[in-house]
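# Tertiary structure, described
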Amino acid sequence: MLHGRQNELHALSRLVAEARAGRGGALIVEGDAGVGKTALLRRAVAAAGSGTHVLTCSGVQAEVALAFGGLQRLLTPLLDRLPELPDDQVGALRSALGLSTAPAADLMVRTAVLSLLDRAAAARTPLLLVADDLHWLDPATAGVLLFVARRLKNRPIAFLAAVREAGEATRDLPQLTLRGLAPDAASALLDEHGWGTPGPARRAVADAVGGNPLALQELVRLGSPAEVAEKVVLTGTAPLSLRLREVFAERTRELSESARTLLLVAAAEDSGHTGTVLAAARRLAVDEQALDVVEAAGHLEEVAGGRLRFPHPLVRAAVYADASARRRALAHRALADELATRHPEGGQHERAVWHRALAATSPDEQLAEALEAGAATVRRRGGLAVAAAVLHRAALLSPTEQQRTRRLAAAAEAAWKSGSPQLAHPLLREALSQPADAGTQLELDRLRGMMELWGGDQQAATARLLDSAAALIDHSPGQAVTLAFMAVDGALRADRTDEALRAARLIEAAGGEDPGYARYGSWLADAVAGRPRDGLTPWQIFQAAPEGLSRNDAHRHVWPAALSNLGSSPRTARSFILEACDRFATSGMLAVRGLLLSWLADLEYRIGLWPECEAHAQEGLRMARDVGQPVLEADLLAVLALLSAGRGEAAECRGYAERAQALAVPQGNRSAAGTAQWALGRLSLTAGDYAEACERLAALGELGSPFAHRQVARQAVLDVVEAQVRADRREAAEQSAWAFEEWSERTTLAWPELSRHGIRALLAEGDTADKHFQAALSAAGAADAPLARGHAALLYGEWLRRSRREGEARTQLRSALETLAGLGARDEAERARAQLRAAGGAPRRRGGDPSARLTVQELQVARLAAEGLSNREIGTRLSLSPRTVGYHLYKVFPKLGISSRSQLRDADLDAVG
C-alpha cells in the first residue's frame, strides 16, 4: 500500500485522464532513492487500466554508456509499426536501435520516435510512457524522451518519469517532488511490517531515514526492532543514499560467495540478459544453484523476455558499490569475454569493449583506440552524449598525456554538441589542465570560445574567439573565418561593435586565400556598421559563398541569414531563413536551427507576424533547452517578453522578462537583457505609468547598466522619447532625440526614418509637428514596421484631436485601430478605439473574420496548407504528425466556412487579430 501518497496518486491519475482526452502532458517525479518513485509509477501503470497502452523503460547505471539502450526497450512493442514511417525516419530509428549501421542525426531520431508514438496512439489511444530512473538512462535515450515530453500537448500521450534529482534538463517540465513520509504515514508503514516497538524507537527510525519508505521496509527485516533502531541511530548524519546502500549491502553479505558473485555480474551487465549473465558468472566459478539462492532471497527475479531484474534499482546499486574494485573488474572482464565469444562481430562488440574498459586498471592504448573507434560508431548513430562518455574513458586509459588531452577535448566537444553542457564543461576543464600539443591546444581554445558563446560570458567568448581566429588566420583561414564570424555574434550581444568590426575585418583579410572571404568580410563589416549593401539578397549572398564555406551546408546558410537579418529587407530575410530552417529541420543541427529560429522570431515580431513569431520563439525556446544553450534561451525569452508587452499581456511579459534577464545579465548578454528591459518599459508606458517607463527605458542608454545596449536603445527610441515627453522630462527627451538623429545620419537602414520623424513630431508644435507625423507615416520601411506605424498613427490622431481637427483625427485613429487590432496589440487598439469614439467616430463595420477565431497552431497549419503543402510536409515543418495536421484542418474548415483545401488559397488569413 502507498501510505500518505493520495495527492501524488491523484496527480498521476489526472495526467493519464488528460491524455485520454487528447490533452497529453508530462510529469517528472523527483525524489531520493527509495522514497517511493518506482512504487508510485507502478501504481499509475496499474491504475491506467486496459484502455491505456503502456510503454516502459528504466535506467541502469552500467548502461549509461550504451546509446539508445533504453529506447530499444521502450519501443520494442512498436517496432512492427516502423514501416508506416517515412523512409528517412525509418533509417534513423533503425540506426539508433542498432538495427543498421547507417548514420543518423539526433533530431531525425527524435522526430522519428515522436512520429512512431503518434501512430501507436492513433491505433491504441492513449499511450502512457513510463521511464523509471531517468537519471540512469543513457543520455541519447533521455534526450529523446525529454524531446518527446515537451511536445505532448494536444496528443493522447502521457509521459511519466522518475528521477532522483531534477536538473537543468527537466526544469521546464512539470515536477512532482516526493519527500519522506509524514510521521503518521511512516508509523502506518511500520505497523504493516509488524513493528512492535514503542513510540520513541519508532520515531528514531523514521527520523533517521527521513521517512524513506523503502528504507523503513528494509530496516525492519534486519533484526528485532530494538536492534534495528540502535543500528539506525548509530549511523549518524550520513546521507540517506549511503544509509540505504549500507542496508542493502548488509542483506547481501549473508549470501554465499557464489551467490554474491552472481549478483555482482547481474549488477554489472546492463541488459540483464539471463544467458549472458549466467554464462559470464560460470567463468567466475559460480555454481548452478546460485540463481535459485538469490531468487529465493528476493534479490533477483527472472521476467518475461529472458531477463533478470533486481527488485529495486537501489539493490543493484548497493550490490555493485559494495564490491571491491578487484571483484568489479573480474565481473566486467568475464562479461567482456563472454560477449566477445558469443558476438565477435555483431552489435555486442561495443558492449564487450565497454566491459573491457571498465575492467581495465592501467593505461592501455589498444583499448583506448578501440573505445575511440566505438565512439565514432556511436556518434554516427546520433548518440553524441554517449560518445562523450566513451571518449572520456578512452582518455583515462591513454598512456601519454598528449593522447589523454586530445581525447578529453574530443569528449568535451561531443558532450557540447549533444546539448549536454553540464558534461562538457568539466571535461573541458580537465583537458585544459593537461599538457597539449599545439594542434590540440588550438582545438581547446576554439572549443572554449564556442562553449562560452552559447553558455557563458559573451565578452569573454568574443575575445577568446577573436584570439583563436587570429592565431589560425595564416595556416587555417577557413577555420579562422568560422571563429571570427561567431565572434561577431557574441560581440553584437555584448554591445561591442568595435570588436564585431574587428572580426569582420579579420574575415576580410582571409581573402588572400579565397577572394570570397574578402567579399563576405566586407559585406559583414558594412552590415555591422549599419550600412548594409543595397539590393543584395540573401540568395545572391548564398550563391557567392567562398569555396571553403560551400563545403559546409550550415555555414553556407547561416551567413546569408545573418547578413540579411542585419539588412534593410526584413521580409526578404524572413523568407530565406524560413527556407534554411526547413533545411535543418531533420539534419540534427539543433544549435544552428535554434539560432535561425531566434532571428526568425525577431523578424516576425518586427514585421507584425505575431502568431508566427510566438510559434517560432516557443519552438526555439524548446530547442535551446533541449541542447543546453542558455544564451539562446535568453534571446528568445526577451523576444517573447516584447511580444507579450505588445499584446498587453502584463503577467506574461513580466514573467518572460524576468527569466530573460536572470539568464542574460550574468552572461553579459546585453542584447537580451536590454530587449527584456524595453518590454518592461513599454508595458509601463502603455499602462500610463510614465515615471516608471522613463526609469526602465533610461537604463538602455546608461553607461554601466547591465541592460544598456545601443542598438536596442535605438530601436526603442520612440517609446523612450514618448515616455520622457509624457513625464515632462523635456531636456532628457531632446537629448535622446539628438543622440538617435546623430546615429541615423550615418546609417543606410530604412527603419530609423519613421522613428526619427516620430520623435521630432512628439517634440515639435504646430505645422512642424504635423509635417513630421506625416513624414513618419510615409517613411521608407514603415510598411515593415506595423506596430511603430500604428502607434505613430495613434499619436498623430491624438495630436489632431488636441488641435481640434476632428475629421482628420478620425482618419488617423481609424487607421491606427485597424493596424493595432490586426496585430493583436489589445491595449493600444483599445486606446485608439476610445480616442476614435471621443473624436465622434466609430470603427469600420466589416464582416466577422472567421480566421480570427483560429488558434495559433490552426493558423499555422491553414497557412501552410494554403501554400499547397501536404499534411506530411506540414507535419515535418511544425513537428506534428500528419494525423494531427488533419485534425487541425478538420477544425479549421467550419471556422472559415469552407469545405475544401483548395478554398484555403482564397481565405483571408493575414487579418488575424
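In this report, the structure presented in the accompanying data block is examined. (Residues numbered from 1 in each chain as written. Predicted model: local features only at pLDDT ≥ 70, side-chain atom pairs only at ≥ 80, totals over all residues. Heavy atoms only, no water.)

## Regarding the environment of Glu401
- By secondary structure assignment, the location of Glu401 is in helix H20 (residues 401–417).
- Distance in space between the C-alpha atoms of Glu401 and Gln434 is 6.9 Å, their sequence separation being 33 residues. (Helix = DSSP H or I, 4+ residues; strand = E, 2+ residues; numbered from the N terminus.)

## Considerations on the packing of aromatic side chains
- This structure, assessed with the given rule, holds 12 aromatic pairs.
- Considering the side-chain rings of Phe740 and Trp751, the 6.3 Å spacing of their centres and the 45 degrees angle between planes classify their relative orientation as tilted. A residue pair is termed long-range when its members are at least 10 positions apart, and Phe740 in helix H39 (residues 730–744) and Trp751 in the loop between H39 and helix H40 (752–763) qualify at 11 residues.
- Taking relative accessible area as the criterion, Trp751 reaches 22% and is therefore assigned partly exposed.
- A connected cluster of aromatic rings, assembled from ring pairs, spans Phe485, Tyr520, Trp523 and Trp559.
- A cation sits over an aromatic face here: Arg151 above Phe147, 3.7 Å from the ring centre. (Phe/Tyr/Trp six-rings, centres within 6.5 Å; stacked < 30°, edge-to-face > 60°. Buried < 20%, exposed > 50% of the residue type's maximum accessible area, 1.4 Å probe, protein only. Lys NZ or Arg CZ within 6 Å of the ring centre and 35° of its normal.)

## Observations concerning the pattern of salt bridges
- Applying the stated rule across the entire model yields 48 salt bridges.
- Salt-bridge contacts for Glu443 lead to Arg446; the nearest nitrogen and oxygen are separated by 2.6 Å. Here Arg446 and Glu443 lie together in helix H22 (residues 438–455), a separation of 3 residues that amounts to about one turn.
- The exposure class of Arg446 is buried, given its relative accessible area of 10%.
- A salt bridge links Glu798 to Arg726; the shortest N-O distance between them is 3.4 Å. In this pair, Glu798 is assigned in helix H42 (residues 786–802) and Arg726 in helix H38 (residues 717–726), connecting sequence segments 72 residues apart.
- The exposure class assigned to Glu798 is buried, which follows from its relative accessible area of 7%.
- One continuous salt-bridge network, built from bridges that share partners, spans Arg150, Arg171, Asp172, Arg625 and Glu633. (Salt bridge = Lys/Arg side-chain N within 4 Å of Asp/Glu carboxyl O.)

## Some thoughts on the nonpolar core
- Ranked by internal contacts, the top residues of the largest apolar core, which has 209 residues, are Leu93, Leu117 and Phe159.
- Residues in contact with Phe159, not counting those within four places in the same chain, are Leu15, Gly25, Ala26, Leu27, Ile28, Leu129, Ala131, Leu145, Ala149 and Leu152.
- Counting residues in hydrophobic clusters, the runner-up holds 25 residues, among them Leu255, Ala259, Leu264 and Ala268. (Core = buried A, V, L, I, M, F, W, Y, C linked by side-chain atoms within 4.5 Å. Contact = heavy atoms within 4.5 Å.)

## Things to note about the pairing of strand E3 (residues 127–132)
- Counting buried positions along E3 gives 6 out of 6 residues, so the element sits mostly inside the fold.
- Of the two faces of E3, both are covered, the one formed by Leu127, Leu129 and Ala131 as well as the one formed by Leu128, Val130 and Asp132.
- Where strand E2 (residues 53–58) lies against E3, 6 bridges are found, and the strand directions are parallel. Counterpart to Cys57 in the pairing with E3 is Ala131.
- In terms of strand pairing, E3 meets strand E4 (residues 157–163) through 5 bridges, oriented parallel. Its bridge partner lying in E4, Leu127 is registered against Ile157.
- Between E3 and its parallel partner E4, the chain crosses via helix H6 (residues 139–149), and the hand of that crossover is right-handed. (Pairing = 2+ DSSP bridges. Right-handed = clockwise from strand over helix to strand, strands pointing away.)

Structural measurements only, silent on function.
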